Amino acid sequence: MAKTESVLDTFGVIDIAARQLSRRRGLASWFRRWAELEEGAVILNTYECRSVPGLLQPESYARALIANVPPLATPEEADVRVAARMERQKLLYRTPYILFSFIIEQALIERQTGGPEVTRELIDRLLECGRLPNVDIQIMPTASPEHAGTDGPFRLLETDEHEWLGYTEGQQSGQVISDPKDISLLHQRYAKLRIQAFNPADSAGLLMRLRGSL
């Protein structure tokens, strides 16, 4: 690779492209555009009610999720998908910091995907990430008579050019949202969710209690 770049005088372009292609392997085709946008974000807000977001998943939980959803992945395919998720998690530690906010349903922990040991590792991972200076994790209680997220999961990010974009995802599909009216709607919902969920300190306390009950 280095010899090729020397001959073509590409100043590392080939190497950069190869690394980007490697990072995209293992990501669903409909998610790749959003994954690219994440890398240039300064703020990333996520509400999730299906599974714990990939940026927060320990390897054991990621493998349990992959093993549950048909069509079942081969061991090699599972390895590629897990590696892609672990690679994305470097965003949590990148400087200058991206500011992360995650709102996660309590039921996702109580489901015990993969069993009690995997759930303990998941909770430990959430507590570890929640201690990062740029990460807020809030748990939405299972009993929530007022809940602004009943239309489903979504994400919001601010780019380094201070443009806000949104993302929603369904079965085998994902959509990047740029219309200002739709972005405003998602901001309103996320603001409500932040109020309705436990604050980060109380969320950490809940996670520790849930871990103790396993």
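Before any of the text, the structure's been laid out above.
Residues numbered from 1 in each chain as written. Predicted model: local features only at pLDDT ≥ 70, side-chain atom pairs only at ≥ 80, totals over all residues. Heavy atoms only, no water.

Take the overall build of the protein chain next. Helix and strand counts for the protein chain stand at 9 helices and 6 strands. A sequence separation of at least 24 residues applies to 74% of the contacts in the protein chain between residues at least 6 apart. (Helix = DSSP H or I, 4+ residues; strand = E, 2+ residues; numbered from the N terminus. Contact = heavy atoms within 4.5 Å.)

The next subject is the packing of aromatic side chains. Within this structure, the stated rule accounts for 5 aromatic pairs. Seen in terms of ring centroids, Phe100 and Phe102 are 5.8 Å apart; in terms of plane orientation they differ by 5 degrees. Their pairing is stacked. By relative accessible area, which is 3% here, Phe100 ends up buried. Overall, Phe102 belongs to the buried group, its relative accessible area being 1%. In textbook terms, an aromatic cluster arises when at least three aromatic residues are bridged by ring pairs, as seen for Phe31, Trp34 and Tyr167. (Phe/Tyr/Trp six-rings, centres within 6.5 Å; stacked < 30°, edge-to-face > 60°. Buried < 20%, exposed > 50% of the residue type's maximum accessible area, 1.4 Å probe, protein only.)

Computed from the structure, the largest pocket encloses a volume of approximately 1,100 Å³. Ala28, Trp30, Val69, Arg85 and Glu169 are, among the 28 residues lining the largest pocket, the residues nearest its centre. Of all the secondary structure elements, the ones that give two or more residues to the lining of the largest pocket are α4 (59–68), α5 (75–88) and β5 (164–170). Of the residues in the lining of the largest pocket, the class split is 11 nonpolar, 9 polar and 8 charged. (1 Å grid on protein atoms, 1.4 Å probe; cavity = no way out; pocket = protein on both sides within 12 Å on 5 of 7 lines; lining within 4 Å. Points joined across faces, edges and corners; volume = space filled by probe spheres on them. Nonpolar A, V, L, I, M, F, W, Y, C, P; charged D, E, K, R; others polar.)

We now examine the packing of helix α7 (residues 116–130) against helix α9 (residues 200–212). The N-to-C vectors of α7 and α9 enclose an angle of 160 degrees; their axes lie 10 Å apart at closest approach. Between α7 and α9, the angle falls in the class roughly antiparallel. For α7 against α9, the interelement crossing comes out left-handed. Where α7 approaches α9, its residues Arg120, Ile123, Asp124, Leu126 and Leu127 are matched on the opposing element by Ala204, Leu207, Met208, Leu210 and Arg211. (Axes fitted to C-alpha atoms, helices over the stretch in contact; angles between N-to-C directions. Parallel < 35°, antiparallel > 145°, perpendicular 65-115°, else oblique. Left-handed = near helix turned anticlockwise from the far one by under 90°.)

The next thing to look at is the nonpolar core. Of all hydrophobic cores here, the largest spans 37 residues; its most connected members are Val52, Phe100, Phe102, Ile104, Leu126 and Ile137. Looking at this core element by element, the count peaks at 6 residues for α7. What Phe102 contacts, discounting residues up to four positions off in sequence, is Thr46, Pro53, Leu55, Leu56, Leu92, Val135, Asp136, Ile137, Gln138 and Tyr190. Formed by 11 residues, the second largest nonpolar core is a distinct cluster that contains Phe154, Ile177, Ile183 and Leu193. (Core = buried A, V, L, I, M, F, W, Y, C linked by side-chain atoms within 4.5 Å.)

As a further point, take empty space enclosed by the protein. Throughout the structure, instances matching the rule amount to 1 cavity of 30 Å³ or more. There is about 30 Å³ of room inside the largest cavity. Taken together, Glu48, Arg50, Pro153, Phe154, Arg155, Tyr167 and Glu169 form the lining of the largest cavity. Sorting the residues of the lining of the largest cavity by element identifies β4 (154–159) and β5 as the ones contributing at least two each. Residue classes in the lining of the largest cavity are distributed as 3 nonpolar, no polar and 4 charged.

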